[in-house]
Amino acid sequence: MPTNQLFPETWVDSYADYLFNYAVGRVSDAEIAKDLVQETFFAGLKSAKNYKGDAAERTWLIAILKRKVIDHYRKINSKKGKAEVRMNYNASSDSEGDWLEEQVADPFSNFENDAIENEELGLAIHDCVSKLPKKQSMVFKMKTIQGMSTEDICNELDINPSNLWVMIHRARTALVGCLNQNWFEL
C-alpha cells in the first residue's frame, strides 16, 4: 500500500469517534463538534489530491480538524462585529462568581476574508515557531505537526518523556504568547 494513499470510504468508521472526541474536548458542545468533524471530512475530500503521505491518515485529518476548531473560535470571537459577547453576573446564585457567557454569531457575515486570514495565521504560526529555542521547536514540530509518538521522539533525541512534555508545554505557552501579540491582538 503506498504511503500517500487515502481511503475516504473508511473515514467515518475508522476516525469519526476519535475526531468527535477531540473536537468536543475543545468546543464543549456536541452539535458543534459533529459539525466540525463533518467539515473536516469534506475538507479532507476536497484537498485529498494534496495529501503527500508524510503523516498518517488520522494525523492528517486531525490537522484539518485543528484548523476547523481555530476557525470556529475566530468566527465567534472576531472583533470585527462578527460576534457579540455579553457577560452577565447572576447575583441570585449560591456560587460565588457564577458567570454566564453568551456568544452570538452574525448570521449575515460571509467571512469573505477567511482564505486570506488563514494564510496570514499560518504565516504567524510559522513565524512564532521559528522564534522558539531550537530544541523546543524541534520537539513541537515532531510531536504536533509530524505526529510522531512520544517514544520515537524520546529515542531520537535521547530525552525522557518528562523532558519531552515540559518542552512541549513551554513551546505551547510561548506560541500562545507570540500569537496573542502578533495575530489575535487581544
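None of these values were measured; they are calculated from a predicted model.

Moving on to helix α1 (residues 11-27). At D17, α1 shows its maximal kink, close to 25 degrees. Looking at the buried side of α1, the elements it contacts are α2 (30-46) and α3 (57-76). Phi turns positive, to about 55 degrees, at S28, one or two residues after α1.

Examined against the element boundaries, S137 turns out to sit in helix α5 (residues 134-145). Judged by its relative accessible area of 8%, S137 is buried. Non-local contacts of S137, meaning those with residues more than four positions away in its chain, are made with V129 and L132.

Before going further, it helps to examine unusual backbone geometry. Among all residues except glycine, the phi angle is most often negative; among peptide bonds, the trans geometry is most common. For S28, which is not glycine, the phi dihedral falls at a positive 55 degrees. With respect to the helices, strands and loops of the structure, S28 is situated in the loop between α1 and α2. Judged by its relative accessible area of 65%, S28 is exposed. At D158, a position not held by glycine, the phi torsion is positive, near 55 degrees.

Moving on: the pattern of salt bridges. Scanning the entire structure with this criterion turns up three salt bridges. Two residues, K34 and E31, come together in a salt bridge whose shortest N-O distance is 3.4 Å. Within this pair, K34 and its partner E31 are both found in helix α2, separated by three residues, close to a single helical turn. A salt bridge links D127 to K131; the shortest N-O distance between them is 3.2 Å.

Generally speaking, soluble globular proteins have nonpolar side chains that are buried together. Grouped together as the largest cluster of nonpolar side chains are 20 residues, with contacts concentrated most on W11, L19, F41, W60, L61 and L65. Sorting the residues of this core by element identifies α1, α2 and α3 as the ones contributing at least two each. Considering each element in turn, this core owes the most residues, seven residues, to α1. Within the second largest apolar cluster, ten residues are counted, among which are L121, A124, F140 and L175.

Moving on, we get to the state of the cysteines. This structure, assessed with the given rule, holds one disulfide. Disulfide partner of C128: C178, at an S-S distance of 2.1 Å. Looking down the S-S bond of the C128 and C178 bridge, the torsion is -80 degrees, so its handedness is left-handed. Placement of C128 in helix α4 (residues 114-130) and of C178 in helix α7 (residues 161-184) is noted, with a sequence separation of 50 residues between them.

To continue, consider α3. It helps to recall that an α-helix has 3.6 residues per turn; residues three or four apart then point in one direction. For α3, with 20 residues, the first-to-last C-alpha span of 29 Å sits near the 28 Å given by 1.5 Å per residue. Within α3, the full set of buried residues consists of E57, W60, L61, I62, I64, L65, V69, D71, H72, R74 and I76.

Time to look at the side chain of Q136. Position of Q136 among the secondary structure elements: in helix α5. The contact partners of Q136, leaving out residues within four places of it in the chain, are M167, R170 and A171.

A word on the packing of α2 against α3. Where α2 meets α3, the closest approach of the two axes is 9 Å, and the angle between their N-to-C directions is 125 degrees. One way to sum up the angle between α2 and α3 is to call them oblique. Between α2 and α3 lies a crossing whose hand is right-handed. Of the residues in α3, those in contact with I32, L36, V37, E39, T40, F41, A43 and G44 of α2 are W60, L61, I64, L65, K68, V69 and H72. Of the residues belonging to the contact of α2 with α3, the class tally is ten nonpolar, three polar and two charged.

The rules behind the values
- Residues numbered from 1 in each chain as written.
- Predicted model: local features only at pLDDT ≥ 70, side-chain atom pairs only at ≥ 80, totals over all residues.
- Heavy atoms only, no water.
- Bend = angle between axes of the 7 residues up to and from the residue.
- Helix = DSSP H or I, 4+ residues; strand = E, 2+ residues; numbered from the N terminus.
- Contact = heavy atoms within 4.5 Å.
- Buried < 20%, exposed > 50% of the residue type's maximum accessible area, 1.4 Å probe, protein only.
- Salt bridge = Lys/Arg side-chain N within 4 Å of Asp/Glu carboxyl O.
- Core = buried A, V, L, I, M, F, W, Y, C linked by side-chain atoms within 4.5 Å.
- Disulfide = S-S within 2.5 Å.
- Expected span 1.5 Å × (residues − 1).
- Axes fitted to C-alpha atoms, helices over the stretch in contact; angles between N-to-C directions.
- Parallel < 35°, antiparallel > 145°, perpendicular 65-115°, else oblique.
- Left-handed = near helix turned anticlockwise from the far one by under 90°.
- Nonpolar A, V, L, I, M, F, W, Y, C, P; charged D, E, K, R; others polar.

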